[in-house]
Amino acid sequence: MGRALRSFSSMIAPELDQPDIAWCRIGNQIIFLDIANDRYFRLSEDRNCTLIESLIQNGGPQWHQPPRFPLPADWSEPAASAKLAKEFRLGLVAKALWVQRRIEKRIASRSLVIVLDELRDLISRRTQTLPELSAGGEAMVQAFEQAKLIRTAADRCLPRSIALAICLASLGDRSSIVIGVRTPPFGAHCWAQKGSVVLNDSLEEVRRFEPILVV
């Protein structure tokens, strides 16, 4: 997923309601995302087992969005992939590539929490909640798909998804980015959604991951 999200290590359990910590349970393992420090981590085996037992006994949540990033009201579990026309618009494809490169540089020079704060604020200011993408939004989603033919999307899911959400916001279309994880072996992925519709990936692919953060 890029520079910001590579680190993965065992650590002592933090307070679970810290403003920059997201986590989710996958089977008998809890995975944490420390947004402020750009890393994933997990607990020691003993501490992980204790916490899992506590969640089971107390009926605790299986997924925690940090207070800094509350779950968007219009997001729901992915249920479909976007189906778009195949018209090629060179100008939009060029914009998709340019914005993605800009976001890659931003991620390389700033912490993830700053990049996500900026994204959340932009979406809040520029968009409104509507059930469907605008015609311009559909064309932009298609442009990002076509841009993969020019520049590979491999290992660029985070900047691609953020760039798509930014481009949609510029058109007034609200979307969310979802960071998901899986284990074992550990893996992470990011995609963009409109409601329950996956915009820049297949439904089959994103269902391999458990959401850990939605912005």
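Residues numbered from 1 in each chain as written. Predicted model: local features only at pLDDT ≥ 70, side-chain atom pairs only at ≥ 80, totals over all residues. Heavy atoms only, no water.

A. Here's a closer look at the side chain of Gln65. With respect to the element layout, Gln65 can be found in the loop between β5 (63-64) and β6 (80-81). A polar atom in the side chain of Gln65 sits 2.6 Å from the backbone oxygen of Phe69. A distance of 2.6 Å separates the side chain of Gln65 from the backbone nitrogen of Val214, its partner in a polar contact. Not counting chain neighbours up to four residues away, the residues in contact with Gln65 comprise Pro70, Leu71, Ile212, Leu213 and Val214. (Helix = DSSP H or I, 4+ residues; strand = E, 2+ residues; numbered from the N terminus. Polar contact = N/O pair within 3.5 Å; in protein donor to acceptor, adjacent residues only side chain to side chain. Contact = heavy atoms within 4.5 Å.)

B. Main features of the side chain of Asp38. Position of Asp38 among the secondary structure elements: in the loop between β3 (29-34) and β4 (39-43). Within the structure, Asp38 has its side chain in polar contact with the backbone nitrogen of Leu112 (distance 2.8 Å).

C. Helix α2 (residues 90-109), seen in detail. The end-to-end C-alpha distance of α2, which contains 20 residues, comes to 29 Å, matching closely the 28 Å that a straight helix rising 1.5 Å per residue would cover. Every buried residue of α2 is listed here: Val93, Ala96, Leu97, Val99, Gln100, Ile103, Glu104 and Ile107. Here the buried face of α2 lies against α3 (112-126), α4 (135-147) and α5 (157-170). (Expected span 1.5 Å × (residues − 1). Buried < 20%, exposed > 50% of the residue type's maximum accessible area, 1.4 Å probe, protein only.)

D. Main features of the packing of aromatic side chains. In total, this model carries four aromatic pairs according to the counting rule given. One aromatic cluster is present, built from ring pairs that chain together Trp23, Phe32 and Phe41. (Phe/Tyr/Trp six-rings, centres within 6.5 Å; stacked < 30°, edge-to-face > 60°.)

E. Region of the structure containing helix α1 (residues 45-58). End to end, α1 covers 20 Å across 14 residues, agreeing with the expected 20 Å (1.5 Å per residue, within 8%). Residues Asn48, Leu51, Ile52 and Leu55 constitute the buried set of α1. Down the axis of α1, the smallest arc covering the buried residues is 100°, so these residues share one side. Away from its buried face by more than 90 degrees, α1 exposes Asp46, Gln57 and Asn58. (Arc of directions from axis to C-beta.)

F. Structural context of unusual backbone geometry. Cis geometry is found at the peptide bond from Thr183 to Pro184, where omega equals -10°. With an omega of -15°, the peptide bond between Pro184 and Pro185 qualifies as cis. The topology assignment puts Pro185 in the loop between β7 (176-182) and β8 (187-194). Positive phi, close to 55°, is recorded for Asp38, a residue that is not glycine.

G. Structural view of the nonpolar core. Among the nonpolar cores identified, the biggest contains 46 residues, and Leu116, Ile162, Ile212 and Leu213 are the most heavily contacted of them. If you tally residues by element for this core, the top one is α5, at ten residues. Once you skip the residues sitting within four places of it in the chain, Leu116 turns out to touch Ile35, Phe69, Ile162, Ile177, Leu213 and Val215. Listed in part, the nine residues of the second largest apolar core include Ile21, Phe41, Leu51 and Ile52. (Core = buried A, V, L, I, M, F, W, Y, C linked by side-chain atoms within 4.5 Å.)

H. Just the confidence of the model for the chain, in detail. For the chain, the average pLDDT comes to 89, and 92% of its residues sit at 70 or higher. Within the chain, no element has a lower average pLDDT than strand β1 (residues 7-11), which sits at 48, and none a higher one than strand β9 (residues 197-198), at 98. Confidence drops under a pLDDT of 50 for residues 2-10, and excluding neighbours within four residues, the segment shows 29 contacts in the predicted structure. (pLDDT = per-residue confidence, 0-100.)

I. Highlighting the pattern of salt bridges. Tallied over the entire structure, the rule returns 13 salt bridges. A salt bridge links Glu104 to Arg101, with the nearest nitrogen and oxygen atoms 3.0 Å apart. With Glu104 and Arg101 both in helix α2 and three residues apart, this pair spans about one turn of that helix. Here Glu104 makes a salt bridge to Arg156, at a shortest N to O gap of 3.4 Å. A residue pair is termed long-range when its members are at least 10 positions apart, and Glu104 in helix α2 and Arg156 in the loop between α4 and α5 qualify at 52 residues. One network of salt bridges, in which partners are shared, links Asp20, Arg68, Asp117, Arg120 and Asp121. (Salt bridge = Lys/Arg side-chain N within 4 Å of Asp/Glu carboxyl O.)

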